[in-house]
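In case you want the letters, here they are:
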Amino acid sequence: MQVSYKWLKDYVDFDLTPDELAHLLTHAGLEVETIESPGKGLEKIVIGVIKEIAPHPNADKLRVTKVDVGHEILEIVCGAKNIFEGAKTPIAQVGVELPGGFKIGKAKLRGIASYGMICSEDELGLVEERQPGVMIIERDCKAGDSFVEVMGLDDYILTLNITPNYAHCLSMIGVAREVAARVGKPLKQPEVVVQETGPAIEKLTGIEIQDTDLCPRYSARLIRGVKIGESPEWLQRRLEAAGVRPINNVVDATNFVLMEMGQPLHAFDYDQLQDGKIIVRRACNDEELITLDDKQRKLDTDVLCICDIERPVCIAGVMGGANSEVTENTVNILLESAYFNPINIRKTARKYAIPSEASYRFERGVDINAVIEAGNRAIQLIKELAGGEIAAGIIDVYPEIVDRLKIHLRTQKVCDLIGVTLDRDEIVDLLRRLQFGVEVRGEDMDVTVPTFRGDVTLEVDLIEEVARMYGYNNIPSELPMADYRIGRLTRSQLLEDQTREFMNSVGLTETMSFSFINPNSYNKLNLNPTHEWRNSIRLMNPISEEYAVMRRTLLADILKIMSFNAKRQMGQIRIFELARIYIPGDDVLPEEPRMLTAGVVGLDEKDRWNQNAAGYFHLKGILEAYARKFGVGELTYSHGEHDALHPGRTALIKAHGEVLGYLGEIHPDVMGNYDLKERVTVFELNFEKIVELSDTEVTFSDLPKYPALTRDIALLVDTKVSAQDICEVIQKIGKEYLETVEIFDLYQGAQVPDGKKSMAYAMSYRAKDRTLTDDEVNALIDELLERLQDKFGAEIRGN
């Protein structure tokens, strides 16, 4: 919000410099972002009156002028075509430096001396575009007057960053109220006198509110016989200082009151309203309205409209309609001053992307009990600026009157929360300065909150106001007394940090994504309609549908990130994320387990099994190294199923019999949904299970004293028998002597019957207390082969 230093002085007397004022406002909670002087660099520019114009003897496009600058007549050569005798223009005399660093010097132009420069607006830095001629000033002034003062540029504009809880400061009077409270001067309100000379307004118009939940109050005034024209200079200057473009005297009057009092108003061309009546209602589906920006808006039942008996004429609180716009032909004006539901206005303004000064204030909440005062102020100005006859009375539809809130405030509570000792009378004085009503009750008080302070609803809000007025900078800084203890990470937090370090160390890049996802992500993951992940927590007010539900998996985000990078020609992508998911439960709050998810694509390495599964074995190796490092236990893999994964390339991962998660290739349909061209492999593990199983205590054993015996076996089994099934039997039969077991060959093809496959295992046996004999190991192998025959029908290949 832009605040004019000069305009602010109309409402409160103060002797502060602009910098001091900025300091005061910042300490009041109104951050001042910038202080700018519109006339900076133009202080030496004066008004010149052109007395004579003569052709240049040596140049057809130049003319020689005589210009009165007050104390002397200057000869200035000028090439502008729009000059004329009697014209008032800005003059830069010899020695003046213009914005941009151009210094005016005495010059000869085609043999004629020139003692200054007649300036255009762009040369003065007032506009950016190159102007076709010099600036002609049509204001009341004389030769030699200061250009800055004549144009109202002798001001300072403070740009304030107003936070939502300071909606009462979105006006000049609101800011002036804060200044007055701090400098101890009275607030000067404008005197409003309305001369009603016309017929009763009830005979000319009527108001009907059909949706009082969206419009709790609507008032109207009527003035007939106005003359639309240009606003006077003082009004244009005020609006320009506030960053508002002047339009005409009637619209400018409503905008002036908006900036002065913070109450948005709207002026309708009364003669364009069918039957002259106003109906406040929700729009019907597919109703349309061309707004003042000449755009056709398709309305629906969520939009509150101001209508006549036939059609919408305004989107309430956001923008008026072209069908009731005030034009140069307008004679009669119906003036609206109302209060609209802030939430509805915010949604409507966002839906149609129409940010406006009016909606900005309605969204944050205006003073419902200042509606009439603002309407009277505006109708008074319209009468002064455009003439006309004001109808007698006001139509004010206000079904449920909003009373001022009363809050009991305890003096001791104020002192306890602020941390300073204040007596009751000090607190009373600070609150009354801000126009709170205070009734003393012993050592405490009852405070009446004015309705323009919608942000104050609790005792702590009043305490904040006391602290603000007392000055946060005056409150001593003291560290709280507490037992100091050195904090440390929990076992779970430490493992989380170590996991991130490990994943980075093996070449995976960590990603961080939002906890919210698009519910359509579950469709892209190919989940069936009854999949448990579809039962997600939906946000009540999502930023957009892209972030509408709390995620049940990290997989959607991992694939989204991989797709984003793959489209940008990133060949090899290896990423992971360790973060929470959100599972609805019986309690009010959801369960929030952590998940560890990773994905790889584009690996150039070959897998030893020639299964086009380099990604699978790459991630499998990472997981097994991780499990060994953090004592999760031996990982086992079995055939698994998951809607998002390839049905024949998915493994269920377990440790100590507990399911940790899954590892596998993404389903081809899912890859298509994410526009991924190459095979993608992922894993997703329940990190909470890993924390439970992890045992990072390191134990050491003696180096082996006795040699190991190795045996290799090649088995012929049915294709449905998994390598893990065979490993489990080998481990069980090996008892305490089996040291390692590893599958080193897998073969299907010639010399292997259909429906069969050959798997070869290398095993190492060792005893801790002696050297094993061949007979002992051979006995174990015989027992093993017998068990494999019984359980899987396995045969030694080559027998």
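Overview of the structure. Values in this document were obtained by computation on a predicted structure and should not be read as measured data.

Turning next to the overall build of the protein. Of regular secondary structure, the protein possesses 20 helices and 39 strands. Compactness check: the protein gives a C-alpha radius of gyration of 41 Å against a globular reference of 28 Å for 799 residues, more than 25% above the reference. Over its C-alpha atoms, taken along the principal directions, the protein stretches across nearly 125 × 85 × 65 Å. Here the protein, with 799 residues, has 48% of them falling under the buried criterion. Restricting to contacts in the protein with at least 6 residues of sequence separation, those with at least 24 account for 68%. In the structure as shown, the protein presents an accessible area of about 40900 Å², 48% of it carried by carbon and sulfur atoms. Here the protein contributes 92 positive and 128 negative side-chain charges, whose respective centroids are spaced 2 Å apart.

Attention shifts here to unusual backbone geometry. Backbone geometry at Gln435 places phi at a positive 70 degrees, although glycine is not the residue there. Overall, the relative accessible area of 33% leaves Gln435 in the partly exposed class.

Our next topic: the nonpolar core. Within the largest apolar cluster, 55 residues are counted, with the highest numbers of intra-cluster contacts made by Leu8, Leu21, Leu25, Leu158 and Val179. In terms of residue count, helix H6 (residues 249-261) provides more of this core than any other element does, eight residues in total.

Further remarks concern the layout of surface pockets. Within this model, the second largest pocket holds a volume of roughly 960 Å³. Forming the boundary of the second largest pocket are 35 residues, of which Arg139, Met151, Leu153, Arg237 and Glu240 lie nearest the centre. For the lining of the second largest pocket, the secondary-structure elements that each account for two or more residues are strand S1 (2-4), strand S10 (157-161) and helix H5 (233-241). Among the elements that make up the lining of the second largest pocket, the one with the highest residue count is H5 (seven residues). Among the residues making up the lining of the second largest pocket, the classes are represented as 13 nonpolar, ten polar and twelve charged.

Moving on: the sheet that holds strand S4 (residues 59-68). By way of backbone hydrogen bonds, the strands of a sheet pair with one another, either parallel or antiparallel. Spatially, S5-S4-S3-S6-S9 is the arrangement adopted by the five strands of the open sheet, whose pairing is antiparallel. Here the strands that pair on one side only, and so sit at the sheet edges, are strand S5 (73-78) and strand S9 (116-118). Each strand axis lies, on average, 45 degrees off the axis of its neighbour in the sheet, ignoring direction. Pairing of strand S3 (residues 46-56) with strand S6 (residues 88-93), which is carried by four bridges, proceeds in the antiparallel orientation. Paired with Val49 across the strands is Lys88, a residue of S6.

Quick look at the environment of Tyr218 now. Inspection of the secondary structure assignment puts Tyr218 in strand S13 (residues 217-224). Judged by its relative accessible area of 0%, Tyr218 falls in the buried class. Separated by 2.7 Å, the side chains of Tyr218 and Glu336 make a polar contact.

So, on to the sheet that holds strand S39 (residues 795-796). In space, the four strands of this open sheet follow the order S37-S38-S36-S39, with antiparallel pairing throughout. A strand with exactly one partner marks an edge of an open sheet, and here the two such strands are strand S37 (738-747) and S39. For strand S36 (residues 709-718) and strand S38 (residues 756-765), the ladder comprises ten bridges, and the chain directions are antiparallel. Note that in S38 the partner of Ile713 across the bridge is Tyr761. Helix H19 (residues 723-734) rests against S36, S37 and S38 of the sheet, and its axis sits at about 30 degrees to S38.

Among all positions of H5, only Leu235, Gln236, Arg238, Leu239 and Ala241 are buried. Packing partners of the buried residues in H5 comprise S1, helix H1 (5-8), S10, H6 and helix H9 (371-386). Gly243 sits one or two residues past H5 and shows a positive phi near 85 degrees.

Below, the discussion takes up the pairing of strand S33 (residues 645-655). Note: strand S32 (residues 635-639) against S33, five bridges, orientation antiparallel. Paired with Thr636 across the bridge in S33 is Lys654. Pairing of S33 with strand S34 (residues 658-666), which is carried by seven bridges, proceeds in the antiparallel orientation. Within S34, the residue paired with Lys654 across the bridge is Val659. Between S33 and S34, which pair antiparallel one after the other, the connecting turn spans two residues, and His656 there sits at a positive phi close to 55 degrees.

For the rest of this paragraph, the subject is helix H13 (residues 491-505). In a regular helix each residue adds 1.5 Å, so 15 residues correspond to 21 Å; H13 covers 21 Å between its end C-alpha atoms and thus fits that length. Restricting attention to buried positions, one finds in H13 the residues Ser492, Leu495, Glu496, Thr499, Arg500, Phe502 and Met503. Buried residues of H13, seen end-on, are gathered within an arc of 165 degrees and therefore sit on one face of the element. Summarising the geometry of H13, the exposed residues directed more than 90 degrees from the buried face are Glu501 and Ser505. Where H13 is buried, its residues touch strand S27 (509-510), strand S30 (573-580), strand S31 (594-601), helix H16 (614-629), strand S35 (680-686) and helix H18 (687-693).

Mapped onto the fold, Asn255 is located in helix H6. Using a relative accessible area of 19% as the deciding quantity, one classes Asn255 as buried. For Asn255, the contacting residues outside a window of four places in its chain are Leu239 and Val244.

A word on a positive patch on the surface. A contiguous patch of positive charge on the surface is contributed by Lys732, Lys735, Arg787 and Lys791. The topology assignment puts Arg787 in helix H20 (residues 774-792). With relative accessibility at 34%, the residue Arg787 sits in the partly exposed group.

Consecutive residues of a regular strand have side chains that alternate between opposite faces of the sheet. Extensive coverage of S35 is indicated by the burial of six of its seven residues. When S31 meets S35, the two strands line up antiparallel, connected through seven bridges. Paired with Ala598 across the bridge in S35 is Phe683.

We now examine the side chain of Arg500. Mapped onto the elements of the fold, Arg500 is located in helix H13. Beyond its immediate stretch of four places on either side in the chain, Arg500 contacts Glu510, Phe576 and Leu578.

Within this structure, the stated rule accounts for ten aromatic pairs. Ring centres of Tyr5 and Phe14 lie 5.6 Å apart, and the angle between their planes is 80 degrees; on these two criteria the pair is classed as edge-to-face. Consider the rings of Phe514 and Tyr547, whose centres lie 5.2 Å apart with planes at 75 degrees: the pair is edge-to-face. Within this pair, whereas Phe514 is found in the loop between S27 and strand S28 (516-517), its partner Tyr547 is found in the loop between helix H14 (521-524) and strand S29 (549-550), the two being separated by 33 residues in sequence. Counting every residue linked through ring pairs, the aromatic cluster contains Tyr5, Phe14 and Tyr156. Over the ring of Phe14 we find Lys9, and its NZ or CZ is 5.3 Å from the ring centre. Its guanidinium or amino end placed over the ring of Phe630, Lys629 lies 5.7 Å from that ring's centre, counting from NZ or CZ.

Thresholds applied
Residues numbered from 1 in each chain as written. Predicted model: local features only at pLDDT ≥ 70, side-chain atom pairs only at ≥ 80, totals over all residues. Heavy atoms only, no water. Helix = DSSP H or I, 4+ residues; strand = E, 2+ residues; numbered from the N terminus. Rg over C-alpha atoms; globule rule 2.2 N^0.38 Å. Buried < 20%, exposed > 50% of the residue type's maximum accessible area, 1.4 Å probe, protein only. Contact = heavy atoms within 4.5 Å. Areas by Shrake-Rupley, 256 points an atom, 1.4 Å probe, with all protein chains shown as cover. Lys, Arg positive; Asp, Glu negative; His and termini not counted. Charge placed at Lys NZ, Arg CZ, Asp CG, Glu CD. Core = buried A, V, L, I, M, F, W, Y, C linked by side-chain atoms within 4.5 Å. 1 Å grid on protein atoms, 1.4 Å probe; cavity = no way out; pocket = protein on both sides within 12 Å on 5 of 7 lines; lining within 4 Å. Points joined across faces, edges and corners; volume = space filled by probe spheres on them. Nonpolar A, V, L, I, M, F, W, Y, C, P; charged D, E, K, R; others polar. Pairing = 2+ DSSP bridges. Axes fitted to C-alpha atoms, helices over the stretch in contact; angles between N-to-C directions. Polar contact = N/O pair within 3.5 Å; in protein donor to acceptor, adjacent residues only side chain to side chain. Expected span 1.5 Å × (residues − 1). Arc of directions from axis to C-beta. Patch = residues over 30% accessible without salt bridge, like charges linked within 9 Å, V, L, I, M, F, W, Y side chains within 5 Å. Salt bridge = Lys/Arg side-chain N within 4 Å of Asp/Glu carboxyl O. Phe/Tyr/Trp six-rings, centres within 6.5 Å; stacked < 30°, edge-to-face > 60°. Lys NZ or Arg CZ within 6 Å of the ring centre and 35° of its normal.

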